[in-house]
Amino acid sequence: MTLLRWLRRKWNRSYTDFSETLAEDYVGERAPQGLRFTLLGLLAAFLLLVLLGWFWSHEPDQFDVWQIANSTQAEQPVVGTATTITLIHIVDTLLHKPGGYLANDLTPPGLWLDNLPSWEFGVLVQIRDLSKALRESFSRSQSQSTEDPDLALAEPRFNVDHHSWAVPWPESEYADGRNYLQNYLSRLSDEQRYDAQFYARADNLRYWLGTVETRLGSLSQRLSASVGQRRINTDLVGSASAAQSTATPPERLIKTDWLQIDNVFYEARGTSWALIHLLHAIEIDFAEVLANKNALASVRQISRELEMTQQPVHAPMIVNGEGFGILANHSLVMASYISRANAAIIDLRELLSKG
């Protein structure tokens, strides 16, 4: 025991002497002036990048959809203005938040950030889905009607690879798509022009909600797979004559890779953040449709469930314990809110389909 103490003291003294000598040789008075300033400058730059990355990692706050919609509307509100201006504002937030668009950054601190780029992708998916619904459904009276020229140009701009760092640049393409949406909004708000329309009908709303339902269902499954699940294959359930391309086993183990768990979590937060605002806009533009179907409370309940996903994350990292284990599981909590919102959307679509 005495020998171990002597060796420990000897090691501590040697390590301390070595550390002090090393510090003096590189940053102390004995170090060359140029080397000392270079190392101190690199250290200061590193600390600055860490602080900048911490600042950029903050998710944008929610904004007031009613205030934005009222600031652009005339005395007589134009149907579709709230949805379009909300989509434009979401694109602006994606591109102009602190740090700008980060998903394709090749330099620090954006290079080593992954949570906010995942959040950006969740928002981008909702931008893509709504711009597609605007082009194919909301702006067309019938399936055989002509599509709006600005929406036809806007929608493909948002489908550029979000990780691309060379031509085409996502930031430039998304900004162009935003400008085409602005052109559509300008024509939509002009009562003297008839070449831009927004049809607030129950079937159009069901079309977009069907896409939202699919997105949330997928996110819920991926979040729940954080702990690994054995799932029964239900791909062909309900149709005896159905077929699929490749045979799959009757039961599979589904588990999200541990490196992707936090990415899926923040993608879900980004998706929910965008949907909260879009649902508020839907309340304005589809107010009469929702009132006739007695469905306004359903939309608000969906928004309420999604708002719960935006609670602050107080843990320093996304923890995924074993379900009922000692540690929390943030993914399962998120999946619970997403699943309840998705179930409410399914009920809302069913309600909208009734006469």
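Everything discussed here concerns the structure shown above.
Along every chain, residues carry numbers that run from 1 in the direction the sequence is written. The predicted origin of the model limits local features to residues at a pLDDT of at least 70 and limits the giving and counting of side-chain atom pairs to 80 or more, whereas totals for whole chains, interfaces and linings rest on all residues. Only hydrogens and water are set aside when side-chain values are computed; all heavy atoms of the structure are taken into account.

## Remarks on the pattern of salt bridges
The test is simple: Whenever a carboxyl oxygen of Asp or Glu lies within 4 Å of a side-chain nitrogen of Lys or Arg, that contact is scored as a salt bridge. Only DSSP runs of H or I with at least four residues qualify as helices, and only runs of E with at least two residues qualify as strands; both kinds are numbered from the N terminus onward.
Enumeration over the complete set of coordinates arrives at 18 salt bridges. Salt-bridge contacts for R269 lead to E59; the nearest nitrogen and oxygen are separated by 3.0 Å. Note that R269 is positioned in helix α9 (residues 261–285) and E59 in the loop between α2 (33–56) and α3 (65–72), a separation of 210 residues in sequence. R215 serves as the salt-bridge partner of D129, at 2.8 Å between the closest nitrogen and oxygen. Placement of D129 in helix α5 (residues 115–138) and of R215 in helix α8 (residues 202–224) is noted, with a sequence separation of 86 residues between them. Beyond isolated ion pairs, a larger network of salt bridges with shared partners links D148, D150, R187, R193 and D195.

## Let's talk about the packing of aromatic side chains
Heads up, the rule is: Pairing of aromatic rings covers Phe, Tyr and Trp, the last through its six-membered ring, and needs centres within 6.5 Å; plane angles under 30 degrees mean stacked, over 60 mean edge-to-face, and all others mean tilted. Relative accessibility decides the category of a residue: with a 1.4 Å probe and only protein chains considered, values under 20% of the type maximum give buried, values over 50% give exposed, and everything between is partly exposed.
Enumeration according to the criterion identifies eight aromatic pairs in this entry. For the ring pair F63 and W273, a centre distance of 6.0 Å and an interplane angle of 70° mean the geometry is edge-to-face. Highlighted residues: F63 in the loop between α2 and α3 and W273 in helix α9, separated in sequence by 210 residues. The two residues F63 and W273 agree in class, both being buried.

## Some details on helix α12 (residues 330–353)
Applicable threshold: In this scheme, a helix's expected span is set at 1.5 Å multiplied by one less than its residue total. Residues are treated as being in contact if the distance between any of their heavy atoms lies within 4.5 Å. Counting of polar contacts relies on pairs of N or O atoms within 3.5 Å, with two restrictions inside protein: one atom must be capable of donating a hydrogen and the other of accepting it, and residues adjacent in sequence are counted only when both atoms are side-chain atoms.
An ideal rise of 1.5 Å per residue puts 34 Å on 24 residues; α12 measures up with 35 Å between its terminal C-alpha atoms. The set of residues buried in α12 consists of H330, S331, M334, A335, Y337, I338, A341, N342, A344, I345, L348 and L352. On its buried side, α12 packs onto α8, α9, α10 (287–292) and α11 (296–307). Capping the start of α12, N329 holds a side-chain oxygen 3.1 Å from the backbone nitrogen of S331, two or three residues further along.

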